[in-house]
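# Tertiary structure, described
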Amino acid sequence: MNRMALINERYFILLGFSHWPHLEIALFVVIFIFYLLTLIGNLFIIMLSYLDSHLHTPMYFFLSNLSFLDLCYTTSSIPQLLVNLWDPEKTISYAACMIQLYFALALGTTECVLLVVMSYDRYAAVCKPLHYTVLMHPRLCQSLAVASWVSGFINSALHSLFMFWVPLCGHYQVDHFFCEVPALLKLSCVDTHVNELTLMVTSSIFVLIPLILILTSYGAIGRAVLRMQSTTGLQKVFGTCGAHLMVVSLFFIPVLCIYLQPPTENSQEQGKFIALFYTVVTPSLNPLIYTLRNKDVRGAVRRLMGRE
């Protein structure tokens, strides 16, 4: 039987949180609420940034990209998770699993790169204010956004291609709530050192290096803030940079916890809840972090409602 025929008839079982059946209904309700908040909050930011000309700035251009990214990222895995929390079979076809793996990995990688771009935008705004419009002109912003998306999808294509040719055997039970490379590699019948090495190298490139660049940018921003004497300027810097730094923390800290924690009997189960946090909770909090106490957004809402 050829490989395509095998693909058409093969199904995986996503174990997810089946070890805690008493929690599945509660998890369904909580995850569904957070998913709705993610959809509403991120669509709100995208529409507001598009409709209000005062928000046609590099910061809100990148924020719109982040919101669209979060919408896609959660949608790549959460609807399937919600179905599986109700469905006792918890199955997913091979093709659907590969598609989910590809988009989840692509969008996760894109977010790592996009957060670096957003930190550079804040660095240019705070440390090079007189040259900001030159440094962050529209064409460069568009190029940086495109580069973020392209790098994420190329990286995912590499891993997905490697994963496609790995022969799988056994029970086809994926010990996670969505299809990801490490969980699928555990089902392999052959040595997977090449895949694991590739994953480790690309994780270093797209997780550790972006984190180092972000911290470097905020180190420079911190030094610039210490030299500021204007209270208004300080408040504006803390308002915009503080929000971005919080978003960075909510994304990178859980990711680092998953990839850096030592393998133990409980690490896989802990990893599921950590992954659930940055897949479900973080995307729903990002709009709140950027809009609460944000004068630009409040002003845009008032203008949209005709109160200004």
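This write-up is about the structure you can find in this document. (Residues numbered from 1 in each chain as written. Predicted model: local features only at pLDDT ≥ 70, side-chain atom pairs only at ≥ 80, totals over all residues. Heavy atoms only, no water.)

### What to know about the overall build of the protein chain
Rules: Comment: elements are numbered from the N terminus, with helices defined as DSSP H or I runs of at least four residues and strands as E runs of at least two. Any two residues having at least one pair of non-hydrogen atoms within 4.5 Å are treated as being in contact. Using a 1.4 Å probe, accessible areas were evaluated by the Shrake-Rupley method; residue-level cover was limited to the displayed protein chains.
Helix and strand content of the protein chain: 12 helices and three strands. The contacts of the protein chain with a sequence gap of at least 6 include a subset with a gap of at least 24, amounting to 78%. Of the roughly 15900 Å² of accessible surface on the protein chain, a fraction of 70% belongs to carbon and sulfur atoms.

### Description of the sheet that holds strand β1 (residues 11–14)
Selection criterion: Strands are labelled as partners when DSSP assigns at least two bridges between them. A fitted line through C-alpha atoms represents every axis, and for helices the fit uses only the stretch in contact; the resulting angles, taken between N-to-C directions, go from 0 to 180 degrees.
Across the sheet, three strands lie side by side as β2-β1-β3; this open sheet has mixed pairing. What marks the edges here is a single partner per strand, and that holds for β2 (91–93) and β3 (173–174). Pairing analysis gives two bridges linking β1 to β3, with the strands arranged parallel. Residue I13 lies in a different strand from β3, and its bridge partner there is Q173. Of the strands in this sheet, β1 and β2 are in contact with helix α5 (residues 94–127), which crosses β2 at around 85°.

### Observations concerning a nonpolar patch on the surface
Counted only if it meets this: Patch definition: residues with relative accessible area over 30% and no salt bridge; like charges joined within 9 Å; nonpolar side chains (Val, Leu, Ile, Met, Phe, Trp, Tyr) joined within 5 Å. Salt-bridge detection follows one rule: a side-chain nitrogen of Lys or Arg within 4 Å of a carboxyl oxygen of Asp or Glu.
Residues L43, M47, Y50, L51, L304 and M305 make up a contiguous nonpolar surface patch of about 670 Å² in total accessible area. The element contributing the most residues to the nonpolar patch is helix α2 (residues 24–51), with four residues. Tracing the backbone shows L51 in helix α2.

### Side note on the packing of α5 against helix α9 (residues 193–226)
What counts here: Each angle gets one of four labels, with under 35 degrees taken as roughly parallel, over 145 as roughly antiparallel, 65 to 115 as roughly perpendicular, and the rest as oblique. Helix crossings are classified by the rotation of the near helix relative to the far one: an anticlockwise turn of less than a right angle makes the crossing left-handed, while a clockwise turn makes it right-handed. Residue classes follow a fixed rule: Ala, Val, Leu, Ile, Met, Phe, Trp, Tyr, Cys and Pro count as nonpolar, while Asp, Glu, Lys and Arg count as charged, and any other residue, Gly among them, counts as polar.
Their axes nearest at 9 Å, the elements α5 and α9 cross at an angle of 15°. Between α5 and α9, the interaxial angle falls into the category roughly parallel. Considering the relative orientation of α5 and α9, their crossing is left-handed. Contacts between α5 and α9 involve T109, C112, V113, L115, V116, S119, Y120, R122, Y123, V126 and C127 from the former and F206, V207, P210, L213, I214, S217, Y218, A220, I221 and A224 from the latter. A per-class count over the contact of α5 with α9 returns 17 nonpolar, three polar and one charged.

### Observations concerning the pattern of salt bridges
This is how it is decided: Whether a residue is buried, partly exposed or exposed follows from its accessible area with a 1.4 Å probe, protein chains only, as a fraction of its type maximum: under 20%, in between, or over 50%, in that order.
In this structure the tally under the stated criterion is four salt bridges. For the salt bridge of R122 with D121, the shortest nitrogen-to-oxygen distance reads 2.9 Å. The burial state of R122 is the same as that of D121; both residues are buried.

### Observations concerning the nonpolar core
Heads up, the condition is: What we call a nonpolar core is a set of buried Ala, Val, Leu, Ile, Met, Phe, Trp, Tyr and Cys residues that are connected through their side-chain atoms within 4.5 Å.
Counting residues in each nonpolar core, the largest one holds 60 residues, and the members touching the most others are I31, L66, L115 and F252. Excluding its chain neighbours within four sequence positions, the residues that come into contact with L66 are E111, L114, L115, M118, V247, N286 and Y290. I92, Y94, V181 and L184 belong to the second largest nonpolar core, which has 18 residues in total.

### Quick notes on the side chain of T109
Condition: Any pair of N or O atoms that falls within 3.5 Å is considered a polar contact. Within protein, one atom must be able to donate a hydrogen and the other to accept it, and sequence-neighbouring residues count only if both atoms are side-chain atoms.
Looking at the secondary structure, you find T109 in helix α5. Among the polar contacts made by the side chain of T109, one reaches the main-chain carbonyl oxygen of L105 at a distance of 2.8 Å. Within the local environment of T109, its side chain forms a polar contact with the side chain of N155, the two groups lying 3.1 Å apart. Discounting residues that sit within four places of it in the chain, T109 has contacts with S151, G152, N155 and F206.

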